[in-house]
There are 6 protein chains.
Amino acid sequence: MINLEKNISLGKMAVLLVVVTGEAEAAMQKQGKEFGYTLCKGKVGSMDSAKIFAAVETAAKKEGLVDQRYREEHALYHSVLEAYNGMCRGQDGLGTILRSAGLLFSIVRGNKLPGNTSDGEWIAVALYGNMGAPIKGYEHEVLGLGMNPI
Amino acid sequence: MINLEKNISLGKMAVLLVVVTGEAEAAMQKQGKEFGYTLCKGKVGSMDSAKIFAAVETAAKKEGLVDQRYREEHALYHSVLEAYNGMCRGQDGLGTILRSAGLLFSIVRGNKLPGNTSDGEWIAVALYGNMGAPIKGYEHEVLGLGMNPI
Amino acid sequence: MINLEKNISLGKMAVLLVVVTGEAEAAMQKQGKEFGYTLCKGKVGSMDSAKIFAAVETAAKKEGLVDQRYREEHALYHSVLEAYNGMCRGQDGLGTILRSAGLLFSIVRGNKLPGNTSDGEWIAVALYGNMGAPIKGYEHEVLGLGMNPI
Amino acid sequence: MINLEKNISLGKMAVLLVVVTGEAEAAMQKQGKEFGYTLCKGKVGSMDSAKIFAAVETAAKKEGLVDQRYREEHALYHSVLEAYNGMCRGQDGLGTILRSAGLLFSIVRGNKLPGNTSDGEWIAVALYGNMGAPIKGYEHEVLGLGMNPI
Amino acid sequence: MINLEKNISLGKMAVLLVVVTGEAEAAMQKQGKEFGYTLCKGKVGSMDSAKIFAAVETAAKKEGLVDQRYREEHALYHSVLEAYNGMCRGQDGLGTILRSAGLLFSIVRGNKLPGNTSDGEWIAVALYGNMGAPIKGYEHEVLGLGMNPI
Amino acid sequence: MINLEKNISLGKMAVLLVVVTGEAEAAMQKQGKEFGYTLCKGKVGSMDSAKIFAAVETAAKKEGLVDQRYREEHALYHSVLEAYNGMCRGQDGLGTILRSAGLLFSIVRGNKLPGNTSDGEWIAVALYGNMGAPIKGYEHEVLGLGMNPI
Ligand SMILES: [Mg+2]
Ligand SMILES: [Mg+2]
Ligand SMILES: [Mg+2]
Ligand SMILES: [Mg+2]
Ligand SMILES: [Mg+2]
Ligand SMILES: [Mg+2]
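Described in the following lines is the structure provided in the data block. (Residues numbered from 1 in each chain as written. Chains lettered and ligands numbered in written order. Predicted model: local features only at pLDDT ≥ 70, side-chain atom pairs only at ≥ 80, totals over all residues. Heavy atoms only, no water.)

## Section: the overall build of chain A
Along the backbone of chain A there are four helices and four strands. Ordering the α and β elements of chain A from the N terminus gives α-α-β-α-α-β-β-β. Computed over the C-alpha atoms, the radius of gyration of chain A is 15 Å, within 12% of the 15 Å expected from 2.2 N^0.38 for a compact globule of 150 residues. Each principal axis of the C-alpha atoms in chain A carries an extent, and together these give about 45 × 40 × 25 Å. (Helix = DSSP H or I, 4+ residues; strand = E, 2+ residues; numbered from the N terminus. Rg over C-alpha atoms; globule rule 2.2 N^0.38 Å.)

Here you go:
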């Protein structure tokens, strides 16, 4: 069991939220809100990398994690791009290099450390799941994390 | 609190081990061993990216996570390289692009899913910490994960 | 007002031609020809990166900026590729990472410095415009420049 | 002569400021300020890429283009990184791949379009100069542009 | 004439097999088998990079160069990916950047040096052919080599 | 034994010259000259990637493979850069990512196909050897090929 009451931070929150499931996920959502974070979690699977960007952006807008200004969308977009690059580990592409990804994603908005408002709000995006050949079981875990001021 | 008894996997083990601290870290180490994983955790900070590779390789050898054959060192090396690329998010380099990283790392060896021996052993490396300008507090969290069969 | 009579060079010519509009553009075209440069300017917008390459190559052939030999097409192609990479800033792709570009391009052929024939002819390609989400106004400026001997 | 009174924008301002010299540069600085932009220009040459980052960051701080918060330094850093990547055209590195750069840089802060305050302030960095072998005259022009909300 | 009886190795075997044709290719296949290598050669041409991956993976499975376990497919996949990256020389993509490739490929499995079993089996993939504009004759040679323990 | 009298081409010549040794190498040099190629072969080993560029450029100049004009040095440099990128397979760097390379290199200048003068002269650079940890035997073969019109 992991007790998160101490040492939580924006990136760690995004990473833990994306990897845990079931009751732990519900507890994490609750705890995140208590720390002042706005957050959401979703699911996307595809060989078309653009669908990953679309899924995260759509969820962020629907859940009110970004407002209508381009500067907010830009911060979100670059965070997804960084998480995507992180998950691809230096060799970008899904279908173009014959691989597929089945992913969960988390988006968290708030201070880098809970309550530390001096550096304003940031947004973090984490992608976690399996990547591999488009054949069942021919895949291994991947994780990417991106974050930017918003 | 996160209960890991269900749904654990090699990559998730590496990610959770690298982000948690204190009692939770000790519990994670214990639980990992019960699942049949060999694992270790360490610390490295530098503007010289080669030191990150050296720190993880040295720890892996000292803790007996790889044997003397090059094929094992190769699996470890490529896992560190993938984790490093993941953490750099598409733009490799530390000191060469005037940034520094203060990191924790975890190394985990075992089956992709505990007890599922049909696909043999794999090795996972996770890097987690802060990256930024070489000025205190001018940094944000990063995380990279790499894994390969061993 | 910028007086270009001094300090002009091949790359600067391509960059200035691609960013200015209206009367300034006409003046720039005229001045470039007086300096012995062959040049043209065009427009392309797409989420499909191949269309950018096609638009520049088609214009260059139509305007007689390259001859029929592959070595000329190769110099042009690599100049477009460099300009494209420059505009993408380390993370290549348009539609594959859910972004779109609305661009102007310029192509200039001649000596690196007007009248300095000792190093022969070079070709420069500049791409300038806006890149961003496929939503009106959700975009910012980008510029890429590539050049090779021809 | 280029008349900038119409069609100016943040990125174009940075690009024009970095390429023009002498009286045109002074006119550009003046015009930029009238449009509400904060801007500066400097010079750096090196085979050590970190020195380019240091030179731009130092100038930005000295000229008051960024405040003390990390979120501002982060926006500046990523803009330099994008400009650097743009100038390197997909193959990063200077001394590590035996090439050198002699550069001018410009930094401009303000609205994407002058007076259009709805999307807040952005920062643009342009790098322009010559890159090539560390032998006099063995070099050609390069240009990179990066920009982020601040 | 090249006498291969001395100094052969896994990577060299893959490179020589992919570049030679006719009788020399038949001799190379024979000699490779005598050294204990399992090997095959095939052909693929496309603007769609995924087809290159598919052609090599299909041939490897059909010829029995990999077994049913994911760890073997993973070693093969990463070898193709390395060969593909090598052939693209730092700027990945075919049709997305308006270029096409007409290729031969070789796959070789065995010890890094014939008879040296202490480091187990490795798999090497070589891609060789022409890459260029989708216009006949507008192309030049490329070669990529990737290898991993299996 | 490989008979090269048929099917030779510039890139294949560079690749064969770099992989063969002893008598076969001498025969290859002789045959290459008969086909009208200018060529040379050398050796370089380092963790410092710049030394690879320096070794190839020095040999090319000493052997008269390029003249004094920058356009020739530029064609050579980009060919080395492409070969280096090819050998690094998408993840550039040697010492910065704690790996070393012991290499042979070949440089060949001439028509893409012997006697086919319509597309002028090109230059090809091949790098071949072993790359790995800076520990004896912890390495595997790599090969990179680059070519450009000259
Ligand atoms: Mg950042
Ligand atoms: Mg993998
Ligand atoms: Mg160049
Ligand atoms: Mg942007
Ligand atoms: Mg390797
Ligand atoms: Mg080429």
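## Considerations on the coordination of the magnesium ion (ligand 5)
The coordination sphere of the magnesium ion (ligand 5), as far as protein atoms go, consists of His74 of chain B (NE2), His78 of chain B (NE2) and His140 of chain F (NE2), spread over 2.2 Å. Of this pair, histidine 74 of chain B and histidine 78 of chain B are both found in helix α4 (residues 70-88), four residues apart, which corresponds to roughly one turn of the helix. Here histidine 74 of chain B and histidine 78 of chain B have matching classes, each one buried. (Donors = N, O, S within 2.8 Å, 3.2 Å for Na, K, Ca; no water. Buried < 20%, exposed > 50% of the residue type's maximum accessible area, 1.4 Å probe, protein only.)

## Brief notes about the relation of the copies chain B and chain A
Each of the two chain copies can be generated from the other by rotation about an axis followed by a shift along it. Laying chain B over chain A is done by rotating through 180 degrees and shifting 0.0 Å along the axis; what remains is an RMSD of 0.0 Å. Accordingly, the operation relating the two chain copies is best matched by a two-fold axis. Taking C-alpha positions as reference, the residue of chain B nearest the rotation axis is glycine 86 of chain B, located at 1.8 Å. With an isologous cut-off of 70% or more, the 100% of interface residues of chain B that recur at the interface of chain A puts this contact in the isologous class. (Least-squares fit on C-alpha atoms with pLDDT ≥ 70 in both. Contact = heavy atoms within 4.5 Å.)

## Description of the interface of chain B and chain A
Often, the extent of an interface is quoted as the loss of accessible area on bringing the components together. Taken residue by residue, the interface counts 30 residues in chain B and 30 residues in chain A. In this assembly, chain B packs against chain A so that about 2,800 Å² is buried in total across both faces, 62% of it on carbon and sulfur atoms. Taken together, the links from chain B to chain A amount to two salt bridges. Across the salt bridge formed by glutamate 82 of chain A and arginine 89 of chain B, the nearest N and O atoms sit 3.0 Å from each other. Seen at the junction of chain B and chain A, the total is 16 residue pairs in polar contact (both at pLDDT 80 or more). When residues of the side of chain B that touches chain A are assigned to their parent elements, the largest contribution, seven residues, is made by strand β4 (residues 139-149) of chain B. Taken together, the residues of the side of chain B that touches chain A sort by class into 15 nonpolar, nine polar and six charged. (Buried area = accessible area lost by both parts, 1.4 Å probe. Salt bridge = Lys/Arg side-chain N within 4 Å of Asp/Glu carboxyl O. Polar contact = N/O pair within 3.5 Å; in protein donor to acceptor, adjacent residues only side chain to side chain. Nonpolar A, V, L, I, M, F, W, Y, C, P; charged D, E, K, R; others polar.)

## With respect to the packing of helix α1 (residues 10-19) of chain F against helix α2 (residues 22-34) of chain F
All names here are of chain F. As a packed pair, α1 and α2 sit with axes 9 Å apart at the nearest point and diverge in direction by 155 degrees. When the interaxial angle is binned, α1 and α2 end up roughly antiparallel. In the packing of α1 onto α2, the handedness of the crossing is left-handed. Each of Met13, Leu16 and Leu17 in α1 lies in contact with α2, whose residues at this interface are Glu25, Met28, Gln29 and Gly32. Among the residues forming the contact of α1 with α2, the class breakdown is four nonpolar, two polar and one charged. (Axes fitted to C-alpha atoms, helices over the stretch in contact; angles between N-to-C directions. Parallel < 35°, antiparallel > 145°, perpendicular 65-115°, else oblique. Left-handed = near helix turned anticlockwise from the far one by under 90°.)

## Here we look at the coordination of the magnesium ion (ligand 3)
Within the first shell, the magnesium ion (ligand 3) binds the protein through His140 of chain D (NE2), His74 of chain F (NE2) and His78 of chain F (NE2), at distances of 2.2 Å. Note on histidine 74 of chain F: relative accessible area 2%, which makes it buried.

## Structural notes on helix α1 (residues 10-19) of chain D
Burial analysis of α1 of chain D places 10 of its 10 residues in the buried class, the great majority of the element. Along α1 of chain D, the residues that are buried comprise Leu10, Gly11, Lys12, Met13, Ala14, Val15, Leu16, Leu17, Val18 and Val19 of chain D.

## Describing the packing of helix α1 (residues 10-19) of chain C against α1 of chain D
Direction vectors running N to C along α1 of chain C and α1 of chain D enclose 150 degrees, while the axes themselves pass 11 Å from each other. Put simply, α1 of chain C runs roughly antiparallel to α1 of chain D. Note on packing geometry: the crossing formed by α1 of chain C with α1 of chain D is left-handed. Counted together, Lys12, Val15, Leu16 and Val19 of chain C of α1 of chain C and Lys12, Val15, Leu16 and Val19 of chain D of α1 of chain D form the full contact between these two elements. For the contact of α1 of chain C with α1 of chain D, the class distribution of residues is six nonpolar, no polar and two charged.

## Here we look at the interface of chain D and chain A
Chain D puts 16 residues into the contact, and the matching count from chain A is 16 residues. Taken together, the two surfaces of chain D and chain A that pack against each other cover about 1,100 Å², and 52% of this comes from carbon and sulfur. Put simply, the parts of the chain that give the side of chain D that touches chain A at least two residues each are α4 (70-88) and β4 (139-149) of chain D. Counting residues per element, the side of chain D that touches chain A draws most heavily on α4 of chain D, at five residues. Considering only residue class, the side of chain D that touches chain A consists of five nonpolar, five polar and six charged.

## As for the relation of the copies chain D and chain A
Mapping chain D onto chain A calls for a rotation angle of 180 degrees and an axial translation of 0.0 Å; the resulting RMSD is 0.0 Å. Both copies contact each other with a shared surface, as 100% of the interface residues of chain D are interface residues in chain A too.

## Quick notes on the pattern of salt bridges
Inspection of the entire model under this criterion finds 54 salt bridges over all chains. The residue lysine 41 of chain A makes a salt bridge to glutamate 25 of chain A at a minimum N-O spacing of 3.2 Å. Here lysine 41 of chain A, found in strand β1 (residues 38-46), pairs with glutamate 25 of chain A, found in helix α2 (residues 22-34); they are 16 residues apart in sequence, far enough to count as distant. What makes glutamate 25 of chain A partly exposed here is its relative accessible area of 22%. Residue glutamate 72 of chain E is joined to arginine 69 of chain E by a salt bridge in which the shortest nitrogen-to-oxygen separation is 3.6 Å. Classification of glutamate 72 of chain E by relative accessible area gives buried; the value is 5%. Three or more residues are tied together by salt bridges with common partners; here these are Asp67, Arg69, Glu72, Arg109 and Glu121 of chain A.

## Brief notes about the side chain of serine 9 of chain F
Along the polypeptide, serine 9 of chain F turns up in the segment before α1. Sequence-distant contacts of serine 9 of chain F, defined by excluding residues within four places in its chain, comprise Tyr128 and Glu141 of chain E together with Tyr37, Lys112, Leu113 and Pro114 of chain F.

## Section: the side chain of asparagine 111 of chain D
Residues and elements named next belong to chain D. Within the secondary structure, asparagine 111 is located in the loop between β2 (100-110) and β3 (122-132). Under the relative-accessibility criterion, asparagine 111 is labelled buried at 14%. When neighbours within four sequence positions are excluded, asparagine 111 is seen to be in contact with Leu10, Tyr37, Asn116, Thr117, Gly120 and Glu121.

## Here's the deal with the pairing of strand β3 (residues 122-132) of chain A
Every regular strand shows the same layout, with side chains that alternate between the two sheet faces. Residues and elements named next belong to chain A. Burial of β3 is extensive: 10 of the 11 residues sit out of reach of the surface. The sheet contact formed by strand β2 (residues 100-110) and β3 spans 11 bridges and is antiparallel. Counterpart to alanine 101 in the pairing with β3 is methionine 131. Two strands pair when backbone bridges link them, and β3 and strand β4 (residues 139-149) are joined in this way by 11 bridges, in the antiparallel orientation. Residue pairing in the sheet places tryptophan 122 in a bridge with proline 149 of β4. Hairpin connection of β3 to β4: six residues between the antiparallel strands, including glycine 137 at a positive phi of 90 degrees. (Pairing = 2+ DSSP bridges.)

## Focus on the state of the cysteines
Under the criterion given, the structure shown has zero disulfides over all chains. Here cysteine 88 of chain B is not disulfide-linked; the sulfur of cysteine 88 of chain A is the nearest cysteine sulfur, at 15 Å. (Disulfide = S-S within 2.5 Å.)

## Details of the packing of aromatic side chains
All names here are of chain A. The final tally for this structure, using the stated rule, is 24 aromatic pairs over all chains. Both rings, one in phenylalanine 53 and one in tyrosine 84, keep their centres 5.4 Å apart while their planes meet at 65 degrees; by these two values the pair is edge-to-face. Taken together, the residues span a long stretch of sequence, with phenylalanine 53 in helix α3 (residues 49-62) and tyrosine 84 in helix α4 (residues 70-88) at a distance of 31 residues. Side by side, phenylalanine 53 and tyrosine 84 carry an identical accessibility label, which is buried. Of the aromatic side chains, those joined through ring pairs into one cluster are Phe53, Tyr77 and Tyr84. (Phe/Tyr/Trp six-rings, centres within 6.5 Å; stacked < 30°, edge-to-face > 60°.)

## With respect to unusual backbone geometry
If a residue is not glycine, its phi is most likely negative; likewise, a peptide bond is most likely trans. Here leucine 98 of chain B, not a glycine, exhibits a phi torsion of approximately 55 degrees, which is positive. Within the element layout of this structure, leucine 98 of chain B appears in the loop between α4 and β2 (100-110).

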